[in-house]
Amino acid sequence: MKLFNLSFLSALILVGCTATPNKDGSTTIKLNVPGLSQSAIQPQSNPQTAVVQSTANQSVNLSTAIGTPIAQTNLAGIFSKHPWDGSAASYFPKVAITVTDFSHPDCWVADAVIWWSATKSENVNNFNVCANKSLGAAINGAAVLHQFMGQSQIFNHTGNLRTTGPKPPQFAINTAEQRPQGFVDFAQQLIAETGWQAGPAEVSMWIVNFNKASR
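Residues numbered from 1 in each chain as written. Predicted model: local features only at pLDDT ≥ 70, side-chain atom pairs only at ≥ 80, totals over all residues. Heavy atoms only, no water.

1. Concerning the overall build of the protein chain
Part 1 of the reasoning: Counting its regular elements, the protein chain contains five helices and seven strands.
Part 2 of the reasoning: Of the regular secondary structure in the protein chain, the N- to C-terminal order runs α-β-β-α-β-α-β-β-β-α-α-β.
Part 3 of the reasoning: Per-residue burial for the protein chain yields a buried fraction of 33% across its 215 residues.
Part 4 of the reasoning: In the protein chain, of all internal contacts separated by at least 6 residues, the share reaching a separation of at least 24 is 57%. (Helix = DSSP H or I, 4+ residues; strand = E, 2+ residues; numbered from the N terminus. Buried < 20%, exposed > 50% of the residue type's maximum accessible area, 1.4 Å probe, protein only. Contact = heavy atoms within 4.5 Å.)

Shown next as structure tokens:
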């Protein structure tokens, strides 16, 4: 509890606040948050809650304004719903991701091709992945991200030629390409949303390329 109080006090100092005594004995605390207008903060009994709620509302508005949230597509939990069972048949589905817009650091837009088999595919276009920058998400996603980026395929691949499938490239990530700022947040959230997990010695989800678009 003491640690929480110290953290909260530090946060108040960073954003700036003023405390005004009221006649009824209570105290009114006003926060001065850079980049956040006072009109965006609705009166609340807990000033900290007001800031969190305002930030959350801004994130929700952003995620719904740019493409379709990935949670509303067939990519949501796709690997959790179709886990690898040890057989070659369960090497599918495979997912090829093409990032079409990474101009905003928090929400990226992408297209995907889901391969349900070597001959059956499904396009998922213009969906967004909005980063979860909480400490818990970062810690939980770091190990799985390392596994995702380490995917490689020995046989039946396209080598360095990166296509949308059905054959994956040799590596899930183009190791020779510079990744845009915000890639780690995007990839961790993509993994969390799709339920990807390490399985067979096959590349089951890969990044085709990054195509930056203007908004």
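2. With respect to the nonpolar core
Part 1 of the reasoning: Among the nonpolar cores identified, the biggest contains 32 residues, and Leu-75, Val-95, Ile-97, Phe-127, Phe-186, Leu-190 and Met-205 are the most heavily contacted of them.
Part 2 of the reasoning: Elements that contribute at least two residues to this core include exactly helix H3 (78–81), strand S4 (94–101), strand S5 (107–115), strand S6 (121–130), helix H4 (135–149), helix H5 (183–194) and strand S7 (205–210).
Part 3 of the reasoning: When near neighbours in sequence (up to four residues on either side) are disregarded, Leu-75 contacts Ile-70, Val-95, Ala-112, Ile-114, Val-124, Phe-127, Glu-193 and Thr-194. (Core = buried A, V, L, I, M, F, W, Y, C linked by side-chain atoms within 4.5 Å.)

3. Let's talk about the sheet that holds S5
Part 1 of the reasoning: The strand order S3-S6-S5-S4-S7 describes an open sheet built from five strands, whose pairing is mixed. What marks the edges here is a single partner per strand, and that holds for strand S3 (68–69) and S7.
Part 2 of the reasoning: Sheet contacts for H5: S4, S5, S6 and S7; angle to S7, the most-contacted strand, approximately 145 degrees. (Pairing = 2+ DSSP bridges. Axes fitted to C-alpha atoms, helices over the stretch in contact; angles between N-to-C directions.)

4. Topic: the packing of H4 against H5
Part 1 of the reasoning: Running from amino to carboxyl end, H4 crosses H5 at an angle of 90 degrees, the nearest separation of the two axes being 9 Å. Put simply, H4 runs roughly perpendicular to H5. Contact residues: H4 offers Ala-137, Ala-138, Gly-141, Ala-142, Val-144, Leu-145, Phe-148 and Met-149, while H5 offers Phe-183, Val-184, Ala-187, Gln-188 and Ile-191.
Part 2 of the reasoning: In the contact of H4 with H5, the residues fall into 11 nonpolar, two polar and no charged. (Parallel < 35°, antiparallel > 145°, perpendicular 65-115°, else oblique. Nonpolar A, V, L, I, M, F, W, Y, C, P; charged D, E, K, R; others polar.)

5. What about the pairing of S6?
Part 1 of the reasoning: Two strands pair when backbone bridges link them, and S3 and S6 are joined in this way by two bridges, in the parallel orientation. Looking across to S6, one finds that Thr-68 is bridged to Phe-127.
Part 2 of the reasoning: In this sheet, S6 lies alongside S5 in antiparallel orientation, the contact comprising eight bridges. Residue Val-109 lies in a different strand from S6, and its bridge partner there is Asn-128.

6. Some details on the pairing of S7
Part 1 of the reasoning: Counting buried positions along S7 gives five out of six residues, so the element sits mostly inside the fold.
Part 2 of the reasoning: By the bridge criterion, five bridges tie S4 to S7 in an arrangement that is parallel. The residue of S7 that forms the bridge with Val-95 is Met-205.

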